[in-house]
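Structure at a glance
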Amino acid sequence: MNGSRITAVGHYQPAKVLTNEDLAGVVDTSDEWIRSRVGIRTRHIAGPDEPVDELAAHAAAKALAAAGLTPADIDLVLVATSTAVDRSPNTAARVAARLGMPGPATMDLNVVCAGFTHALATADHAVRAGGAARALVIGADKMSEVTDWGDRTTCVLVGDGAGAAVVEASCEQAIGPVLWGSVPEMGHAVRIEGTPPRFAQEGQSVYRWATTQLPPIARRACERAGLEPAELAAVVLHQANLRIIEPLAEKIGAVNAVVARDVTESGNTSAASIPLALSKLVERGAITTGDPVLLFGFGGNLSYAGQVVRCP
């Protein structure tokens, strides 16, 4: 076996739902203002007793169940997150402990909104190189914990959640070559900084970059997989803003693809957004096994990473 594939996915969101009307009672905003600017209607918010590793473990357990595997079958756990409170133990180790795994390699990756696609590429490389047989790749963030709930420009955007994928060795290469990079000199455009850490961004700069610079990069990810954008069954972009997602999907040229729009009900969940949206598409049967799907993360650090995968 010299390839890898995603064999199952799963997702988890906290029970509490925060509506636009709820936010209008906290800051100077309205449902119309939020929908017209970012397309978000609701978001899920974790409680103070729900740490990010708990969100991650719930999503991971669902992915394992869908794959028909036990925690003992996994030898590598990668968690993409930028909202872990503690430096050590890392989030991946805490997920492994929650699930009772008997000794996998555990690593966190902090590439913010592009974290999951970076982690997926890392798992693909590890499996194909023989460093792991089965990997659990998780994107999980608790954005509510790094948000200033008095700032109407950011608090309307965020949500909490997690998504997970099981990656296994395969005779075929069902995870396409990654195309990744960054714009380091513009890293200030999206930040989680300070003590306590707070999320901030330069919205117009991010919007212009995403809608003008990223379409040709996403098309190149398709080229690396040997596909034309028109052959894609689905496009799952980082769920940042509907006004970014729709123009970007159109400019890629994926004219026949289902476009994930989970941002409308989940908000921006950072590293969780892509696996969460992908899992929902699979769950409701919007895509079927073997379908080519473009995953493309972008945002924090002004980093990006994308690859075409075959639907589990």
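This text goes with the structure placed above it.
So, a few notes on the structure that sits alongside this text. None of the values given here were measured: they were computed from a predicted structure.

**Re helix α8 (residues 214-224)**
Burial in α8 covers these residues: L214, P215, I217, A218, A221 and C222. Along the long axis of α8, the arc covered by the buried residues comes to 165°, so they all point the same way. Considering only its buried residues, α8 is in contact with β8 (179-182), α7 (203-212), α9 (242-252), β13 (292-298) and β14 (303-310). Positive phi shows up at G226, right after α8, with a value of about 75°.

**Describing the sheet that holds β14**
Spatial strand order, β8-β14-β13-β11-β12: five strands in an open sheet with mixed pairing. The open sheet terminates on both sides in strands that have one partner only, identified here as β8 and β12 (258-259).

**Observations regarding the nonpolar core**
Of all hydrophobic cores here, the largest spans 48 residues; its most connected members are W209, L214, L232, L237, L294, F296 and F298. Those elements that provide at least two residues to this core are α2 (31-38), α7, α8, β11 (234-237), α9, β13 and β14. Broken down by element, this core gets its largest block of residues, six residues, from α9. Discounting residues that sit within four places of it in the chain, L294 has contacts with A218, A221, C222, L232, A234, V235, V236, I252, Q307 and V308. Formed by 30 residues, the second largest nonpolar core is a distinct cluster that contains F116, A132, A260 and L278.

**A look at the packing of α7 against α9**
Contact geometry for α7 and α9: axes closest at 9 Å, N-to-C directions at 20°. Of the possible angle classes, the one that applies to α7 and α9 is roughly parallel. At the point where α7 passes α9, the crossing takes the right-handed sense. Residue-level contacts link Y207, A210 and T211 of α7 to R243, I244, P247, L248 and K251 of α9. Within the contact of α7 with α9, the residues separate by chemical class into five nonpolar, one polar and two charged.

**Things to note about the pattern of salt bridges**
For side chains bearing opposite charge, pairing can occur when the charged atoms are close. Per the stated rule, a full pass over the model turns up 12 salt bridges. Ionic pairing is found between R98 and D53, a salt bridge with its closest N-O pair at 2.5 Å. One end of the pair, R98, is in helix α4 (residues 91-99); the other, D53, is in helix α3 (residues 52-67), with 45 residues separating them in the sequence. Residue classification places D53 among the buried residues on the basis of a relative accessible area of 10%. In this structure, R134 and E168 form a salt bridge, with 3.0 Å as the shortest nitrogen-oxygen distance.

**Quick look at the packing of aromatic side chains**
Counted under the stated rule, the structure contains one aromatic pair. An angle of 40° between the planes, with centres 6.3 Å apart, marks the rings of F296 and F298 as tilted. One exposure class covers both F296 and F298, and it is buried. In this structure, R152 is placed above the aromatic ring of W33, and the distance from its NZ or CZ to the ring centre is 4.4 Å. The ring centre of Y207 lies 5.3 Å from the NZ or CZ of R243, which sits over that ring.

**Concerning the side chain of S273**
Summarising the element assignment, S273 is placed in helix α11 (residues 273-283). Here S273 is in contact with H238 and Q239, once residues within four sequence places are set aside.

**Regarding the sheet that holds strand β7 (residues 160-170)**
If you trace the five strands from one edge of the open sheet to the other, you get β1-β7-β6-β4-β5, paired in mixed fashion. Taken across any chain shown, the strands that pair with only one partner, and hence form the sheet edges, are β1 (3-12) and β5 (105-109). On average, adjacent strands in this sheet sit at an angle of 20° to one another, irrespective of strand direction. Where strand β4 (residues 76-80) and β5 come together, five bridges link them in parallel fashion. Each bridged residue has a counterpart across the sheet, and for L78 the counterpart in β5 is M107. Contacts from α3 reach β1, β6 (134-142) and β7, with the element oriented near 125° to β1. Lying over the sheet, α11 contacts β1, β6 and β7, oriented at roughly 90° with respect to β1.

Here is what the cut-offs are and how they apply
Residue indices begin from 1 for each chain and proceed along its sequence in written order. Selection of residues for local features in this predicted model requires a pLDDT of at least 70, selection of side-chain atom pairs for listing and counting requires 80 or more, and totals for whole chains, interfaces and linings are taken over all residues. The basis for the side-chain values is all heavy atoms of the structure; hydrogens and waters are excluded. Working definition: with a 1.4 Å probe on protein chains only, accessible area under 20% of the residue-type maximum means buried, over 50% means exposed, and in between means partly exposed. Helix and strand labels come from DSSP, where a helix needs a run of H or I of at least four residues and a strand needs a run of E of at least two; each type is numbered from the N terminus. It is the directions from the helix axis to the C-beta atoms whose arc is reported. Whether two residues are in contact is decided by their heavy atoms, any of which lying within 4.5 Å being enough. What makes two strands pair is DSSP finding at least two bridges between them. In plain words, nonpolar cores are sets of buried Ala, Val, Leu, Ile, Met, Phe, Trp, Tyr and Cys residues tied together by side-chain atoms within 4.5 Å. Fitted lines through C-alpha atoms serve as axes, helices being fitted only where they are in contact, and the angles separating the N-to-C directions of these axes extend from 0 to 180 degrees. Oblique is the label for every angle not falling under 35 degrees (roughly parallel), over 145 degrees (roughly antiparallel), or within 65 to 115 degrees (roughly perpendicular). Helix crossings get a hand from a simple test, with the near helix turned counterclockwise from the far one by less than a right angle marking a left-handed crossing and a clockwise turn marking a right-handed one. Here the term charged refers only to Asp, Glu, Lys and Arg, the term nonpolar to Ala, Val, Leu, Ile, Met, Phe, Trp, Tyr, Cys and Pro, and the term polar to all other amino acids, Gly among them. By definition, a salt bridge exists where a carboxyl oxygen of Asp or Glu is found within 4 Å of a side-chain nitrogen of Lys or Arg. Centres within 6.5 Å are what make two rings of Phe, Tyr or Trp a pair, Trp counting through its six-membered ring; a difference in plane orientation under 30 degrees is then read as stacked, over 60 as edge-to-face, and the rest as tilted. Criterion for a charge above a ring: Lys NZ or Arg CZ within 6 Å of the ring centre, and within 35 degrees of the ring normal.

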